[in-house]
Amino acid sequence: MLIKEYRICMPLTTEEYRVGQLYTISKHSHQESEKGEGVEVVKNEPHEDPIHGPGQFTEKRVHLSSKLPSWARAVTPRIFYITEKAWNYYPYTITGESRCSFLPKFSIYIETKYEDNCGDSENIFHSDKILGDHEVSFLDIAFDEIPERYYRSLEDPRFFSSAKTGRGPLREGWRQHTKPIMCSYKLVSVKFEVWGLQTRVEQFVHKVIRDILLIGHRQAFTWVDEWCGMTMEEVRRYEQETQEATNELIGLVAPAISVSEVGQPTGTHSAPASAPSTPLSDEAPEFLAPPKTRPRKKSAPETLMLPALRERTGAE
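Naming follows an unreviewed UniProt entry, where the chain appears as Cytoplasmic phosphatidylinositol transfer protein 1 of Xiphorhynchus elegans. Under the UniProt heading Sequence similarities (unreviewed entry), the note attached to the chain is "Belongs to the PtdIns transfer protein family. PI transfer class IIB subfamily."

This is the structure in structure tokens:
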């Protein structure tokens with residue numbers, strides 16, 4: 001198992017981010033949806049936790065099929081989806097253990113906490129799941145690189161200036177002098193227990209998760225003028241209306257294979273809403289590519305971008 005902690009600062013308060021996150025996830029999911037593809041919301045309802053109090057439970061089906069790279073479509077059924085379950089007791093959330101039905105040795109587990117600081121809280125999770133030290137990675141929404149194909153100039157915090165809040169553009173060293181500022185702390189555990197592939201696959205999945213966290217948080221900030229000023233009631237209504245429109249756009253497609261999150265949190269745990277849907281490419285990772293000595297077409301893929309599970313990947 002490979003465990004990493006990601007810390008993503010935002011020029012927002014935690015209360016602002018709570019609204020912005022819900023708005024961003026809903027808008028992004030709708031944008032990515034096509035007929036028979038995208039994110040279908042199965043459940044989105046209040047949920048009471050004996051420790052963390054009132055929260056929200058969501059269950060979503062992420063229909064992928066045609067969005068898979070060509071090498072993956074060759075070994076998977078024509079129609080399948082990912083089932084994502086999340087328990088959100090903001091400012092603490094948790095995703096259940098995610099498992100793939102055709103990759104039983106693979107799982108992802110994510111805990112998230114939000115605080116009004118610049119990411120300087122140590123051992124924020126106090127987790128007994130952590131054995132020894134784990135890597136802590138700070139992600140900069142303005143200056144860390146994202147895959148070029150997902151770059152949008154209007155979603156670049158280095159150039160974006162909010163008309164409503166006056167925040168931005170973000171300059172070098174912005175995390176040290178920007179007010180307000182909050183941090184999303186994400187403890188991500190990836191496990192792929194297959195001899196000979198475990199290390200490479202776990203490292204690869206963490207790279208994908210990193211990219212998705214950056215993309216989602218960049219959008220949450222650069223869309224701030226769209227959601228700023230919305231109440232929780234208003235953003236929940238927007239979420240409901242967008243989900244209905246997205247479900248209608250997707251249509252109901254019977255799955256051949258599902259990827260489900262199992263292991264519902266106990267009373268001592270909760271979970272975040274999903275992160276934005278996953279970027280995918282037509283290129284397979286190097287460790288899944290054919291041996292270099294084997295003849296192949298010039299168009300054969302060499303690298304792959306797979307999704308991480310939103311807040312999740314929190315953005316929730």
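Moving on, there is more to tell.
Colleague: Even after reading the chapter, I still don't get the packing of aromatic side chains, so can you show me in this structure?
Modeller: Here a ring pair, both rings aromatic, is described through the centre-centre distance and the interplanar angle of the planes. Applying the stated criterion across every chain, the model contains 5 aromatic pairs. Look at Tyr23 and Tyr238: their rings are 4.6 Å apart centre to centre, the planes differ by 20°, and that puts the pair in the stacked class. Of this pair, Tyr23 sits in helix H1 (residues 14-32) while Tyr238 is found in helix H6 (residues 232-250), placing the two residues 215 residues apart along the sequence. Between Phe57 and Trp87, the ring centres sit 5.2 Å apart and the planes meet at 45°, which makes this aromatic pair tilted. Pair noted here: Phe57 is in strand E3 (residues 53-63) and Trp87 is in strand E4 (residues 80-89), with a separation of 30 residues, a long-range link. When its relative accessible area of 9% is taken as the criterion, Phe57 is described as buried. Under the relative-accessibility criterion, Trp87 is labelled buried at 5%. Members of the aromatic cluster, connected to one another through ring pairs, are Tyr17, Tyr90 and Tyr114. Positioned above the aromatic ring of Trp223, the side-chain terminus of Lys27 is 4.1 Å from the ring centre.

Colleague: What am I meant to see in the packing of H1 against H6 here?
Modeller: Between H1 and H6, whose axes approach to 9 Å, the crossing angle comes to 15°. One finds that H1 runs roughly parallel with respect to H6. Between H1 and H6 lies a crossing whose hand is left-handed. Contact residues: H1 offers Arg18, Val19, Leu22, Tyr23, Ser26, Lys27, Ser29 and His30, while H6 offers Met232, Val235, Arg236, Tyr238, Glu239, Thr242, Ala245, Thr246 and Leu249. Looking at the contact of H1 with H6 residue by residue, the classes come out as 8 nonpolar, 5 polar and 4 charged.

Colleague: Is there a simple way to think about the confidence of the model for the chain in this case?
Modeller: The predicted model of the chain averages 76 in pLDDT, with 66% of residues at 70 or higher. Mean pLDDT values for the elements of the chain range from 36 in strand E10 (residues 257-262) up to 98 in helix H5 (residues 224-227). Within the model, pLDDT remains below 50 along residues 253-282, and this stretch shows 151 contacts once partners closer than five positions in the same chain are excluded. Of the regions scoring below 50 in pLDDT, residues 287-313 engages in 91 contacts with residues more than four places distant in sequence or in other chains.

Colleague: Explain the side chain of Asn88 to me, please; I cannot follow it from the model alone.
Modeller: Within the secondary structure, Asn88 sits in strand E4. Within the structure, Asn88 has its side chain in polar contact with the backbone nitrogen of Tyr90 (distance 3.1 Å).

Colleague: Hey, could you run me through unusual backbone geometry in this one?
Modeller: Leave glycine aside and you will find that most residues have negative phi; peptide bonds, for their part, are mostly trans. In the segment running from Tyr90 into Pro91, the intervening peptide bond is cis, with an omega of 15°. Within the fold, Pro91 resides in the loop between E4 and strand E5 (92-95). Look at the link from Lys179 to Pro180: it is a cis peptide, with omega at -5°. In this fold, Pro180 is placed in the loop between helix H3 (174-177) and strand E9 (182-192). For Asn123, which is not a glycine, the phi torsion comes out positive at approximately 50°.

Parameters and conventions
- Residues numbered from 1 in each chain as written.
- Predicted model: local features only at pLDDT ≥ 70, side-chain atom pairs only at ≥ 80, totals over all residues.
- Heavy atoms only, no water.
- UniProt positions renumbered as here; feature names shortened; annotations may be inferred.
- Phe/Tyr/Trp six-rings, centres within 6.5 Å; stacked < 30°, edge-to-face > 60°.
- Helix = DSSP H or I, 4+ residues; strand = E, 2+ residues; numbered from the N terminus.
- Buried < 20%, exposed > 50% of the residue type's maximum accessible area, 1.4 Å probe, protein only.
- Lys NZ or Arg CZ within 6 Å of the ring centre and 35° of its normal.
- Axes fitted to C-alpha atoms, helices over the stretch in contact; angles between N-to-C directions.
- Parallel < 35°, antiparallel > 145°, perpendicular 65-115°, else oblique.
- Left-handed = near helix turned anticlockwise from the far one by under 90°.
- Contact = heavy atoms within 4.5 Å.
- Nonpolar A, V, L, I, M, F, W, Y, C, P; charged D, E, K, R; others polar.
- pLDDT = per-residue confidence, 0-100.
- Polar contact = N/O pair within 3.5 Å; in protein donor to acceptor, adjacent residues only side chain to side chain.

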